[in-house]
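Analysis of the macromolecular model
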Amino acid sequence: MKIIVCVKQVPDTAATMSVDNGVISWGDAPLIINPWDEYAVEAALNLVADQGGDVTALCLGKEGETEAIKHALAMGADTAVMISDPALKGVDNVAASRVLAAAIEKIGGADLVLFGQQSVDTDTGLLPVQVARILGWPSLTLVSKFENVAGDEGKIQVLRTMEEGGQIVDSPLPAVVSVTKDYAEPRYPSFMGIRKASKAEYPVWNLEDLGIAAPTASVSWPEIMEPEQKEIVTEIIPGDTPEEKAHNLVDKLIAEKVL
Amino acid sequence: MTKKILAYIDHFHGKVQSSSWEGLGLAAAIAADSGGEVAALVLGDEVGGVAETAFHYGADQVFLAEDPILKDFRPEPLADLVKQAAESYQPDLILFPTTTRGRTLAGMAAVDLNTGVMVDIIDLDWSGDKIVATRPIYAGKLLAKLVCSTTPQIITFRTRAFDKPEPDTGRSGSVTPLEVGLDPGAVATTIASIQEKAEGVSLSDASVIVSGGRGVALNPALEAPADLDEEAADIWKAGQGFALIKKLADVLGAAIGASRAAVDAGYIEYDHQVGQTGKVVTPDLYIACGVSGAIQHLAGMRSSKVIVAINKDPDAPIFNFARFGVVGDMHAILPPLTEALKTHLAG
């Protein structure tokens, strides 16, 4: 089974974000693989362990944004491809999806393309559905379980999450799947894995390599702001006993008209 | 000018995700300013009733496709119909609620209609030539203003960000049927079964959320059964803590939230996680019990209107974001708080 797992580099979720002269800054917080993508890598490695095959990590990013690929390789991905081109600055999610779809085709396709459910920076969660739509493959989003996987017969059964519960979906392959946190705890990279990843070489493709022109972005971000900090005056609820505190809190909530 | 607005009505087997009506309210507000019109898009099996209700919430027209093939959510045939409706109606703007289905169909529509999509919008300014949308990024740590240079503009809007209109049962309008024209075998995927979860208040819709953190397992008065190992005893204690939270939530008609620490420790399912790698919520009242207030959790709930923090550590960062703080053990505070609220609400 040939699996491509798309990964992205993002600032650590513990980072305090700010905007300096219109540019997003995360201070000295480390850059990491998008936490959601670790679940996709974990799923890819388990599927290949079960079915045979190989895992390619695919990353679209600026030159030098290697953390996501390195982490995927350290977890156990076999190979990696980086897509980077100065012309991709400011791409929106549709344009990024077109580039990823072109890269997937250049890699030679796959039985499965896996994504994390969304990235923790832009939080759109759209690339899995858009890449699927562009490739004309079924889109299976928010998957927490893979059942009855038969790579050789070209079919798969997954559990999809939605607001009202879950859907068991039978799908032919190839397909695009986004994996949720419910899937399984992702493995930590082993020492050997980290060493292997630090020495790994992988191709960096630009748009010319992909044979496509720079897709134009429809959506632009003219302004990025720090949210207005609400002035919060914290009132500590007085009381000598839990009962007194509880009653005093209820009185405050009534006065605040939130009940 | 944004004259023609198409609003997608998201539903599960005809049961509408109520944020869809917030979309119709937003559409009507834009149309009122531009002298425009609002069409609703209703796709499913036996969903004529949903179309009727869409008129009550402000649609002037409904595009309706009804077919057994559309009964269970499969994005591909639905996306085909969104495209068909858009090509027929030629809207300036298409609105979807940011639900799992709405997000998926909005993304596909952007590809099909060769345009862009602005996701999870919390504010919209349509006074100028171009719509300017505001959305949180980095789970609300920052805000971005977005514009889309192509039409139709596609937007998904966050639940509870826009007001739900009062339904007017006297309203009605014209229904335009869409041709489904698919063989049952024409859709690649099949739905083998559906696991519906027990009805409860969902985090995204909730106006009140009671949530628990690591503190749920730290009740000094509790002794776990002797046959449990340390981890199982911890989870058992947390179960007792969340039972107190549930009692309070039931009284308030609230949803139950949790911090990532509580989810990762196995105290409660991931579905309840609030924060940067969970759900971002904006209820009127957020009661955090035994939650310390890690930055990832704060990102997911700090926009709540009123935050109450109950924590025995007076230095917990959550207090800096709370309107009201109760310094004390949640296990001691919650039972009398639940009783007092029950009495108040009954009166």
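Above this text you will find the structure in question.
Anyway, here's the lowdown on the structure attached to this text. What you see as residue numbers is a count from 1 along each chain, following the sequence as written. By the order in which they are written, chains take letters starting at A while ligands take numbers starting at 1. Owing to the predicted nature of the model, reporting of local features is limited to residues with pLDDT of at least 70; listing and counting of side-chain atom pairs is limited to 80 or more, with chain, interface and lining totals taken over all residues.

Considerations on the overall build of chain B
For chain B, the count of helices and strands is eight helices and 18 strands. Once the C-alpha set of chain B is aligned to its principal axes, its extents read approximately 65 × 45 × 40 Å. The buried share of chain B, reckoned over its 347 residues, is 56%. Whether two residues are in contact depends on their C-beta atoms, placed from the backbone: they are in contact if these lie within 7 Å. Long-range pairs, those at least 24 residues apart, make up 66% of the contacts in chain B between residues at least 6 apart in sequence. Secondary structure elements are taken from DSSP: a helix is a run of H or I of four residues or more, a strand is a run of E of two residues or more, and numbering for both begins at the N terminus. Every C-beta atom is placed from the backbone, and the number of other C-beta atoms within 10 Å of a residue's own sets its class: buried at 20 or more, exposed at 12 or fewer, partly exposed in between.

As for the overall build of chain A
Within chain A, the secondary structure is distributed over seven helices and 15 strands. With respect to the three principal axes, the spread of C-alpha positions in chain A is 70 × 45 × 40 Å. Each of the 259 residues in chain A was classed as buried or not, and the buried ones make up 48%. Across chain A, every contact between residues at least 6 apart in sequence was considered, and the portion connecting residues at least 24 apart equals 68%.

Here's the deal with unusual backbone geometry
The peptide bond linking L173 of chain A to P174 of chain A adopts the cis configuration, its omega dihedral lying at 0°. Relative to the helices and strands, P174 of chain A is located in the loop between β11 (165-172) and β12 (175-179). The amide bond that connects T151 of chain B to the next residue, P152 of chain B, takes the cis arrangement and shows omega of -10°. On the secondary structure map, P152 of chain B appears in the loop between β10 (142-148) and β11 (153-157). In this structure, L142 of chain A is a non-glycine residue whose phi angle is positive, near 55°. Relative to the helices and strands, L142 of chain A resides in strand β9 (residues 139-150). Positive phi, close to 55°, is recorded for E46 of chain B, a residue that is not glycine. Relative to the elements of secondary structure, E46 of chain B occurs in the loop between β4 (37-44) and α2 (48-56).

Comments concerning the nonpolar core
One finds V5 and A72 of chain A together with L41 of chain B to be the most contacted residues of the largest nonpolar core, which totals 197 residues. For this core, the element with the highest residue contribution is helix α1 (residues 35-51) of chain A, accounting for nine residues. Note on terminology: a nonpolar core is a set of buried residues of type Ala, Val, Leu, Ile, Met, Phe, Trp, Tyr or Cys, with members joined through C-beta atoms within 7 Å.

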